[in-house]
Amino acid sequence: MKFIKTLAVCLIFLAMTAAQTFAGDIRTSTDLLDSIAACKGKQVVIVNFYASWCPPCREEIPHLINIRNKFSEDTVKIIAVNLDESKEIMQEFNQKAGINYNTYHDSTGDIQGFFSIQSIPFNLIYSKNGKAVYASPGSIPESRLTELVEYGLLN
């Protein structure tokens, strides 16, 4: 009987883990929009478009890492959309760069196309209340990112 209970608990845990993994996967612009909308009323959202071959992107990544360290995941959600040629290139780069926030590979170009991203890095920042407070190409200095997050937490 104890074995059956243990097995049942394990199966429930596995099912919950699989559901969470699927729910958190961003593959299309609709997935990204749903993820942003889910944060309304809870978190500031930073959406960062980047690639490993982009020097300004590589310059900006330490700023985003520091923002992740400054603000809890309960208050700020960072979603990075990678535009590299393959997911493997992205994963290798992310590991070397020490990225500590969620990254997704835009394998089809759907997300980049939907947002009409012409140059990277490109950042979108949404306030806690779901309003777009920033949308611009180019690297953002950490001090400006901090200001935008703090503004987004209040508005």
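Residues numbered from 1 in each chain as written. Predicted model: local features only at pLDDT ≥ 70, side-chain atom pairs only at ≥ 80, totals over all residues. Heavy atoms only, no water.

Focus on the sheet that holds strand S2 (residues 76–82)
Moving on, step 1. With mixed pairing, five strands are arranged side by side in an open sheet as S3-S2-S1-S4-S5. Of all the strands in the sheet, just strand S3 (102–105) and strand S5 (132–137) have a single pairing partner and so form its edges. Ignoring which end each strand starts from, the neighbouring axes of this sheet average 15° apart.
Moving on, step 2. Pairing analysis gives seven bridges linking strand S1 (residues 44–50) to S2, with the strands arranged parallel. Looking at S2, one finds that Val45 is bridged to Lys77.
Moving on, step 3. Strand contacts of helix H6 (residues 142–154): S1, S2, strand S4 (122–126) and S5, with the helix running at about 145° to S1, the strand carrying the most contacts. (Pairing = 2+ DSSP bridges. Helix = DSSP H or I, 4+ residues; strand = E, 2+ residues; numbered from the N terminus. Axes fitted to C-alpha atoms, helices over the stretch in contact; angles between N-to-C directions. Contact = heavy atoms within 4.5 Å.)

Focus on the packing of aromatic side chains
Moving on, step 1. Counted according to the given criterion, the structure contains three aromatic pairs.
Moving on, step 2. Ring centres 5.9 Å apart and planes at 55° place the aromatic pair Phe49 and Phe115 in the tilted group. With Phe49 in strand S1 and Phe115 in the loop between helix H5 (110–114) and S4, this residue pair connects regions lying 66 residues apart in the sequence. Taken as a pair, Phe49 and Phe115 share a single burial class, namely buried.
Moving on, step 3. Plain terms: the ring middles of Tyr50 and Phe93 are 6.4 Å apart, the flat faces sit at 35° to each other, and that makes the pair tilted. With a gap of 43 residues between them, Tyr50 in strand S1 and Phe93 in helix H4 (residues 87–97) connect regions that are remote in the sequence. (Phe/Tyr/Trp six-rings, centres within 6.5 Å; stacked < 30°, edge-to-face > 60°. Buried < 20%, exposed > 50% of the residue type's maximum accessible area, 1.4 Å probe, protein only.)

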